[in-house]
Amino acid sequence: MEKYDKRTLDNHYRDLIPRNGFLFKFIKKDNDFIHTFVEGDFITNSITPTAMVIGKKLTDFLPMEQANRKRRFYEIAWHGETVNYEGEVGGIHYVASLNPLMVDGEVTEVIGTAIDITDKKRNENKIRELEKLAVVGELAAGIAHEIRNPLTSIIGFTQIISEKIDDATIHEYLGIMMRELDRINSIVNEFMFIAKPDETMKVSTNHINELIIHVIKFMEPQSNLKGIRIIFESQAEAITAICDHNLLKQVLINLIQNSIEATDENGEEIKITLERVSADQYAIHIRDKGTGMTSDRQQRLFEPFYTTKEKGTGLGLMICRRIIELHQGTIEFKSALGAGTEAAIRLPIKIESCE
Ligand SMILES: Nc1ncnc2c1ncn2[C@@H]1O[C@H](COP(=O)(O)OP(=O)(O)O)[C@@H](O)[C@H]1O
Ligand SMILES: [Mg+2]
């Protein structure tokens, strides 16, 4: 038989402590709950050291609001019922269970166990993110269509009016209207794309070098305004590949636009490179020496509506990824705060099932 010396006993009771969690006990004394025990990895790793808990009341180590919430659960347990609840300390989410210990029908102490569920919570958030995307898609399908037709007439008539009118003040107003209408138009177009990406994809054989040069020409007026040069370095012989040239242009425009927006008016350049990485793949890199990003921000890049800009939509990169995935390619970011950002796109020369 196993001999229960202190060490094995210690180990046995350790088995009771949930992995990734903690065990605690409390009693009620003078109408307050006093913690008599707490142990577990969770506690060692968290911001609340054991010494702050043992012999202490809830209000001694928790903010008032949290303490009151827990007190209600503690109260129920003290009346002899098992209670389960979720809580959070310093960014760590846990689920706790309070089990009263009864002697002669009286609760003498309550044993609580808590398990860290932070990872699970994180996954739930991801799922919520995906659901949000699905809802956005459905909403977009309905609304974008409805807005597009009246918008086209408004833009058309605004143009006609501005051609017919000489009054400078009104011209100025019309100019503002046109700019704002353009903005609405671009948001609606982005929504249209989220709604029905596959239907809008029309592939053909394209010269990628020329496509990039075309996009750079298109973006130059905007980069010139900030004194930023866009440089194209093609390390490859001309590359021809199958793609939807409008969609691929949209990706490059979105990425260059972000790079321009991240770069100060300091004459720094944005560098674009094109290279063949294998017989059936090519890569486009877009590098800026702009603000760069923290890793937190990098993780959220592709979330719909994630933007740090006052007038941003937060849809640009989500759409880029969508388009690249439709082309059976990948898009990745490397960035360092203060140093700049590099977007790396890898695309197949031929798209499967498209000749
Ligand atoms: N080249 C870049 N440098 C720094 N931050 C960037 C860069 N590209 C994207 N970001 C960050 O990612 C966010 C999301 O970009 P995007 O999806 O294009 O939406 P938007 O440009 O409308 O904000 C931006 O608001 C910005 O914070
Ligand atoms: Mg953008």
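The rules behind each value
- Residues numbered from 1 in each chain as written.
- Chains lettered and ligands numbered in written order.
- Predicted model: local features only at pLDDT ≥ 70, side-chain atom pairs only at ≥ 80, totals over all residues.
- Heavy atoms only, no water.
- Helix = DSSP H or I, 4+ residues; strand = E, 2+ residues; numbered from the N terminus.
- Buried < 20%, exposed > 50% of the residue type's maximum accessible area, 1.4 Å probe, protein only.
- Contact = heavy atoms within 4.5 Å.
- Areas by Shrake-Rupley, 256 points an atom, 1.4 Å probe, with all protein chains shown as cover.
- Axes fitted to C-alpha atoms, helices over the stretch in contact; angles between N-to-C directions.
- Left-handed = near helix turned anticlockwise from the far one by under 90°.
- Nonpolar A, V, L, I, M, F, W, Y, C, P; charged D, E, K, R; others polar.
- Parallel < 35°, antiparallel > 145°, perpendicular 65-115°, else oblique.
- Near = heavy atom within 4 Å.
- Polar contact = N/O pair within 3.5 Å; in protein donor to acceptor, adjacent residues only side chain to side chain.

Draft legend 1. Expanded view of the overall build of the protein. For the protein, the helix and strand inventory stands at 10 helices and 12 strands. Every one of the 355 residues in the protein was classed for burial, and the buried ones make up 37%. For the protein, contacts bridging at least 24 residues in sequence account for 61% of all contacts bridging at least 6. By element, 52% of the accessible surface of the protein is carried by carbon and sulfur atoms, the whole surface being about 21,300 Å².

Draft legend 2. Spatial organisation of the side chain of Ser259. Looking at the element boundaries, Ser259 is found in helix H8 (residues 245–262). Setting aside its immediate chain neighbours within four residues, Ser259 contacts Ile270, Ile286 and Asp288.

Draft legend 3. View of the packing of H8 against helix H10 (residues 316–326). Contact pair H8 / H10: the axes reach a minimum separation of 9 Å and the direction vectors enclose 145°. When the axes of H8 and H10 are compared, the crossing they make is left-handed. Residue-level contacts link Leu247, Leu248, Gln250, Val251, Asn254, Leu255 and Asn258 of H8 to Gly316, Leu317, Ile319, Cys320, Ile323 and Ile324 of H10. Tallied by class, the residues present in the contact of H8 with H10 amount to 9 nonpolar, 4 polar and no charged.

Draft legend 4. Quick peek at unusual backbone geometry. For Asn31, which is not a glycine, the phi torsion comes out positive at approximately 65°. By secondary structure assignment, the location of Asn31 is in the loop between strand S1 (21–29) and strand S2 (32–39).

Draft legend 5. Layout of the packing of helix H7 (residues 208–225) against H8. Contact geometry for H7 and H8: axes closest at 10 Å, N-to-C directions at 40°. Considering their axes alone, H7 and H8 lie oblique with respect to each other. Where H7 crosses over H8, the handedness of that crossing is right-handed. Listed contacts from H8 to Ile208, Leu211, Ile212, His214, Val215, Phe218, Met219, Gln222 and Ser223 of H7 are His245, Leu248, Lys249, Leu252, Ile253, Ile256, Gln257 and Ile260.

Draft legend 6. Layout of the site of ligand 1. Thr307, Thr308, Lys309, Thr313 and Leu317 are the nearest of the 19 residues found near ligand 1. Measuring from an oxygen atom of ligand 1, one finds a side-chain N or O atom of Asn258 at 2.9 Å. One nitrogen or oxygen atom from the side chain of Asp288 is found 2.9 Å from a nitrogen atom belonging to ligand 1. Relative to its unbound accessible area of 540 Å², ligand 1 is 94% covered by the protein chains. Residue assignment for the shell around ligand 1 shows that the elements contributing at least two residues are H8 and H10. Examining the composition of the shell around ligand 1, we find that 3 residues originate from one element, H8, more than from any other. Here the shell around ligand 1 is composed, by residue class, of 5 nonpolar, 11 polar and 3 charged.

Treat this as a map of the structure, not an account of what it does.
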